[in-house]
Amino acid sequence: MSDNLSTALSVRSPDDIGKAKKNIVQKTPMEKTADILLWGVRILLIAEIVLLFFPNFNPARICDKINKNMSLFTCGIAYDTLVSNLGRAFTKGWVQESTFKLLFGSSMLSIVAALFYAVGGCMSLGSNKMKKIAAAVTGAGTLFMLGCLMGIKSAFGQVSLTERPEKIGPAESIPYFGLFLVITILLLALCIAVFFLLPSFEKAGKMYMEDKYKLFLMMLPILVLSFLFAYLPLFGWRYAFYDYKSGETLSPDKFVGFKWFTQLFQNAATKKDILRVIKNTLAMSGLGILTSWVPMIFAIFLSEIKNNTFRRFVQTFTTIPNFISWVLVYAIALAIFSTDGFINTFLKSVGNPVTTNYLMDSSHMWLKMLAWGMWKGLGWNAIIYIASISGIDQSLFEAATVDGAGRFQKMWYVTIPSLIPTYMVLLLMSVANILTNGMEQYLVFSNAKNAASLEVLDLYVYNLGIGSGLIPLSTVIGMVKSLISVILLFSANGISKAVRGESIV
């Protein structure tokens, strides 16, 4: 009887109920057909959501005055940018502002539709009842999208009636409009089919979702953000093969092949700048690697503080600077080290009339940047070591105490060896990122006197692309840096495996 009771209790959670039903109840042919159609629904809604963010597929670009870099998504969130080139047209009465307000509102409907698509797509991974609701939610999203397309069509009709078409340039994006329309109609048809193929809400059972789908949905935002910020920008590498200037479009006549790659080695001024920048970059990164043990030692000593209140105060006080932007850090430095800063004011008060602007001094800039970086990141970088220390087996410390080890001996023979694997992983990552210093710190501290010593590779790419407008050349340098970083990562991983006696392959 106890076995039956435990079995009954083990299937009381929604996940266990779902597993039990899956093992007992077989799906009907209609449910199997609905599952197949749902794959089509998911593919189409993902495709339509992705197309919202590509300017090349924007059906809302109904005239030449609309920025070519605006996607359907940005048309629905940035009205000022949408009409930035239409001020004179509104004043002269060539087009009505209400037309573009209609276009803006219609584009906003596409964003609402995308939200419905996202909710529906997630719910489609659940039980029959959730799938039925997902079909209804996604179908509602297609209605918003149809409203968006009809609004864009109406706005284009109004723009095409302008008295000065040569000034406005009405241009209906028929292929892209048709693409969105076809996807939306197919999506609506599939949602209706799925809704009627699945059992009614009374017969569909409870709402539940398998654990694997829950975990996938929890991981999905991280995957999307990683794709958007780490992989999608790689699409911009195509600028390295064109003679491109900001605001222009890429066309076959501007294709120059490997021209900008060869310029890295043929132009004497460029070679000189790159050598100087690489020297600064390697010096900054090298100093960071040489002092990478400091957070580990700080974490060890912090963990040895017996007073919990004082330990928490020190940890909080050293971690807070990590959350201060480099602009505010420079403001603090300005308040302390500038001509009118605290130090010079204090020296004046004690009778020293000479003032020195320490921020304009170009001497020892590498060490100064290292000091500011350590002050800002010491507490934050120590967190991972503090977590590792808390995971050390306490029996090791007890055995060391029995053997007569003192406090520093336990730190040397137990704590540090236990932290070495964590330190080595972080060290390998630092070596792989040796060419990546970031640019914010060096940008805010840079001035006319110390720029030559502070310009690292990331800042050089920024100055070259944004400051000088040489976007193709800066893209080439960024590409080369990324490729070298990947090679260093694999090399460091291979060396680590060789040291541990593992197979490199």
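Now for a look at the structure at hand.

Reading the values: the criteria
Residues numbered from 1 in each chain as written. Predicted model: local features only at pLDDT ≥ 70, side-chain atom pairs only at ≥ 80, totals over all residues. Heavy atoms only, no water. Phe/Tyr/Trp six-rings, centres within 6.5 Å; stacked < 30°, edge-to-face > 60°. Helix = DSSP H or I, 4+ residues; strand = E, 2+ residues; numbered from the N terminus. Lys NZ or Arg CZ within 6 Å of the ring centre and 35° of its normal. Expected span 1.5 Å × (residues − 1). Bend = angle between axes of the 7 residues up to and from the residue. Buried < 20%, exposed > 50% of the residue type's maximum accessible area, 1.4 Å probe, protein only. Salt bridge = Lys/Arg side-chain N within 4 Å of Asp/Glu carboxyl O. Core = buried A, V, L, I, M, F, W, Y, C linked by side-chain atoms within 4.5 Å. Contact = heavy atoms within 4.5 Å. Patch = residues over 30% accessible without salt bridge, like charges linked within 9 Å, V, L, I, M, F, W, Y side chains within 5 Å. Areas by Shrake-Rupley, 256 points an atom, 1.4 Å probe, with all protein chains shown as cover. Lys, Arg positive; Asp, Glu negative; His and termini not counted. Charge placed at Lys NZ, Arg CZ, Asp CG, Glu CD. Axes fitted to C-alpha atoms, helices over the stretch in contact; angles between N-to-C directions. Parallel < 35°, antiparallel > 145°, perpendicular 65-115°, else oblique. Nonpolar A, V, L, I, M, F, W, Y, C, P; charged D, E, K, R; others polar.

1. Topic: the packing of aromatic side chains
Working step 1: All chains considered together, the criterion is met by 22 aromatic pairs.
Working step 2: Considering the side-chain rings of Phe-241 and Phe-261, the 5.5 Å spacing of their centres and the 35° angle between planes classify their relative orientation as tilted. Of this pair, Phe-241 sits in the loop between helix H11 (211–231) and helix H12 (259–266) while Phe-261 sits in helix H12, and the two are 20 residues apart along the sequence.
Working step 3: Site record: aromatic cluster; members linked through ring pairs are Trp-326, Tyr-330, Phe-337, Tyr-358, Trp-372, Trp-375 and Phe-445.
Working step 4: Above the face of the Phe-195 ring, Lys-132 is positioned so that its terminal group lies 4.0 Å from the ring centre.
Working step 5: The aromatic ring of Trp-326 is capped on one face by Lys-376, whose charged end is 5.2 Å from the ring centroid.

2. Points about helix H20 (residues 407–432)
Working step 1: With 26 residues, H20 ought to run about 38 Å at 1.5 Å a step, and its terminal C-alpha atoms sit 35 Å apart, in line with that.
Working step 2: Approximately 40° is the largest bend angle found in H20, and it occurs at Ile-420, with the proline Pro-421 only one to four residues beyond.
Working step 3: Within the span of H20, buried status applies to Met-411, Val-414, Thr-415, Ile-416, Leu-419, Thr-422, Tyr-423, Leu-427 and Ala-432.

3. As for the pattern of salt bridges
Working step 1: Under the counting rule described, the total for this entry stands at nine salt bridges.
Working step 2: Across the salt bridge formed by Lys-27 and Asp-35, the nearest N and O atoms sit 2.7 Å from each other.
Working step 3: Glu-210 is paired through a salt bridge with Lys-212; the nearest N and O atoms lie 4.0 Å apart.
Working step 4: A relative accessible area of 26% means that Glu-210 is categorised as partly exposed.
Working step 5: Classification of Lys-212 as partly exposed rests on a relative accessible area of 48%.
Working step 6: What you see here is one network of salt bridges that share partners, running through Lys-27, Asp-35 and Lys-131.

4. Side note on the nonpolar core
Working step 1: Grouped together as the largest cluster of nonpolar side chains are 38 residues, with contacts concentrated most on Ile-62, Ile-66, Leu-82, Phe-100 and Leu-103.
Working step 2: Elements represented by at least two residues in this core include exactly helix H3 (29–51), helix H4 (72–75), helix H5 (79–82), helix H7 (97–123), helix H8 (128–159) and helix H10 (174–197).
Working step 3: Counting residues per element, this core draws most heavily on H8, at seven residues.
Working step 4: When near neighbours in sequence (up to four residues on either side) are disregarded, Leu-103 contacts Ala-60, Ile-62, Ile-66, Leu-82, Ile-152 and Ala-155.
Working step 5: In this structure, Val-294, Ile-300, Ala-382 and Leu-419 belong to the second largest nonpolar core, which totals 16 residues.

5. Let's talk about the environment of Leu-378
Working step 1: Tracing the chain through its elements places Leu-378 in helix H18 (residues 365–390).
Working step 2: Among residues more than four places away in sequence, those in contact with Leu-378 are Val-294, Pro-295 and Phe-298.

6. Details of a positive patch on the surface
Working step 1: A surface patch of like charges, here positive, comprises Lys-65, Arg-88, Lys-92 and Lys-167.
Working step 2: Accessibility expressed as a relative area gives 36% for Lys-167, which makes it partly exposed.

7. Concerning the packing of helix H14 (residues 294–303) against helix H15 (residues 308–319)
Working step 1: Two elements in contact, H14 and H15, have axes separated by 10 Å at closest approach and are oriented at 155°. With respect to H15, the axis of H14 lies roughly antiparallel. Within the contact between the two elements, H14 uses Phe-298, Leu-302 and Ser-303 and H15 uses Arg-311, Val-314, Gln-315 and Thr-318.
Working step 2: Per-class residue counts for the contact of H14 with H15 are three nonpolar, three polar and one charged.

Everything listed is a geometric property; what it means functionally is a separate question.
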